[in-house]
Amino acid sequence: MTASTIKLSTTTEDHHIAKMAAVALGLTVLENAIPSPLPGVKPGLANIITLIVLARFGWRAAVWVSLLRVVAGSLLFGNFLAPGFFLSLSGALCSLAALALAIHLPQRLFGPVTHSVLASFAHITGQMTLIYLWLIPHSGIAYLIPIFATAALVFGTVNGLVAARFMDKDENP
Amino acid sequence: MNSHETTFSFLRDLKPGDWLTLLAGVLCIILLSNKVWNGGIADTAVVRSGGKVFSSVPLSRDQLIEVPGPLGTSIITIEKGKARISSDPSPRQYCVRQGWLEQSGEIAICLPNEVSVELTGGQKKYDSLNY
């Protein structure tokens, strides 16, 4: 009996995207082990990978890596199509939209830190909007916005610096 | 190796525009917290008993107000523009433990004794808050 095989033809870019998404997934798992003081406040380490992919392979690849990470991550944690999944997705989509605009800023002046901060602000904006429209339609959640915004600024800056450091090493090893 | 240089070497990764972004981020957070966390300045305390307004007093004058309810007397203290329920016969003392009310719209309610104190004045953020 001959084994039937399905051969998918893949490009080098596919391999890059798959590898980077796998690393991002690893960081997501790692991050879930870190206790958080408030649900929703987490460092978003996987976004370091998104930033690196954005700089190296462009926005389209970053979209792939980011969305693959969200979907595969939700399968891994068993919350695919649960509220947590849609929160991740809305955050990721808003971040990607912000990044699509941010890459057009002059590169001489704006680096990964700007990309990261803008993306993380977009991320909480997307999540808070979804929370308000779908999960908690109450203006009381506005009280939490400054907390989330502060976390976004801090973690956005740190992630941006880490991504910048990795890219420095790539350029001058 | 110069330890000072390694400690702050991450600053090299920040371009001028990045500083601008960070500054804008900080300003944004300050504006947001001001808008969200600072209710209007309160100037009046409205005391209710059994659902009816018992008295409405300015916060500018320090005083004690004794409010009768079904369980006994609740005492409301007004001091330095703030108000609190300082004594209440309710069993769980939630309204007493809530402490000082400072902003417009804040309210302390003693359900068992049917007494409440609410701060008003300035801009009221919400018409009502339900939990």
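Residues numbered from 1 in each chain as written. Chains lettered and ligands numbered in written order. Predicted model: local features only at pLDDT ≥ 70, side-chain atom pairs only at ≥ 80, totals over all residues. Heavy atoms only, no water.

A. A look at the domain arrangement of chain B. Taken domain by domain, chain B consists of domain 1 (3-37) and domain 2 (44-120). Taking only C-alpha atoms into account, the centre of domain 1 of chain B sits 43 Å from that of domain 2 of chain B. (Domains from an automatic or database assignment.)

B. Looking closely at the sheet that holds strand E3 (residues 63-68) of chain B. All names here are of chain B. The antiparallel open sheet is built from three strands, whose spatial order is E3-E4-E5. The two strands at the open ends of the sheet, each matched to only one other strand, are E3 and strand E5 (82-87). Ignoring strand direction, the axes of neighbouring strands in this sheet form an average angle of 25°. Of the strand pairs in this sheet, E3 and strand E4 (residues 73-79) are connected by six bridges, and their pairing is antiparallel. (Pairing = 2+ DSSP bridges. Helix = DSSP H or I, 4+ residues; strand = E, 2+ residues; numbered from the N terminus. Axes fitted to C-alpha atoms, helices over the stretch in contact; angles between N-to-C directions.)

C. Expanded view of the pattern of salt bridges. As enumerated under the stated definition, the model contains three salt bridges over all chains in all. Here Asp13(B) ties to Arg165(A) by a salt bridge, and the two come within 3.6 Å at their closest N and O atoms. You can see Asp13(B) sitting in the loop between helix H1 (3-7) and helix H2 (16-37) and its partner Arg165(A) sitting in helix H6 (residues 145-171), one on each of two chains. On the basis of relative accessibility, which here comes to 8%, the residue Asp13(B) falls in the buried class. Judged by its relative accessible area of 28%, Arg165(A) is partly exposed. (Salt bridge = Lys/Arg side-chain N within 4 Å of Asp/Glu carboxyl O. Buried < 20%, exposed > 50% of the residue type's maximum accessible area, 1.4 Å probe, protein only.)

D. Quick look at the interface of chain B and chain A. Tallying the contact residues gives 21 residues for chain B and 25 residues for chain A. Interface area for chain B against chain A, summed over the two sides, is near 2,000 Å², with a carbon-plus-sulfur share of 68%. Contact with chain A buries area across many residues of chain B, yet Asp13(B), Ile29(B) and Trp37(B) alone supply 27% of it, more than any other trio. Applying the counting criterion to the chain B and chain A interface returns one salt bridge. Scanning the region where chain B abuts chain A turns up five residue pairs in polar contact (both at pLDDT 80 or more). Partitioned by chemical class, the residues of the side of chain B that touches chain A number eleven nonpolar, six polar and four charged. (Contact = heavy atoms within 4.5 Å. Buried area = accessible area lost by both parts, 1.4 Å probe. Polar contact = N/O pair within 3.5 Å; in protein donor to acceptor, adjacent residues only side chain to side chain. Nonpolar A, V, L, I, M, F, W, Y, C, P; charged D, E, K, R; others polar.)

E. Spotlight on the sheet that holds strand E7 (residues 115-120) of chain B. Residues and elements named next belong to chain B. Strands sit in the order E2-E1-E7-E6 across an open sheet of four strands; the sheet is antiparallel. The open sheet terminates on both sides in strands that have one partner only, identified here as strand E2 (52-58) and strand E6 (107-110). Each neighbouring strand pair of the sheet contributes to a mean axis angle of 15°, computed without reference to strand direction. The pairing of strand E1 (residues 44-49) with E7 spans six bridges and is antiparallel. Across the sheet, the residue bridging to alanine 45 is leucine 119, located in E7.

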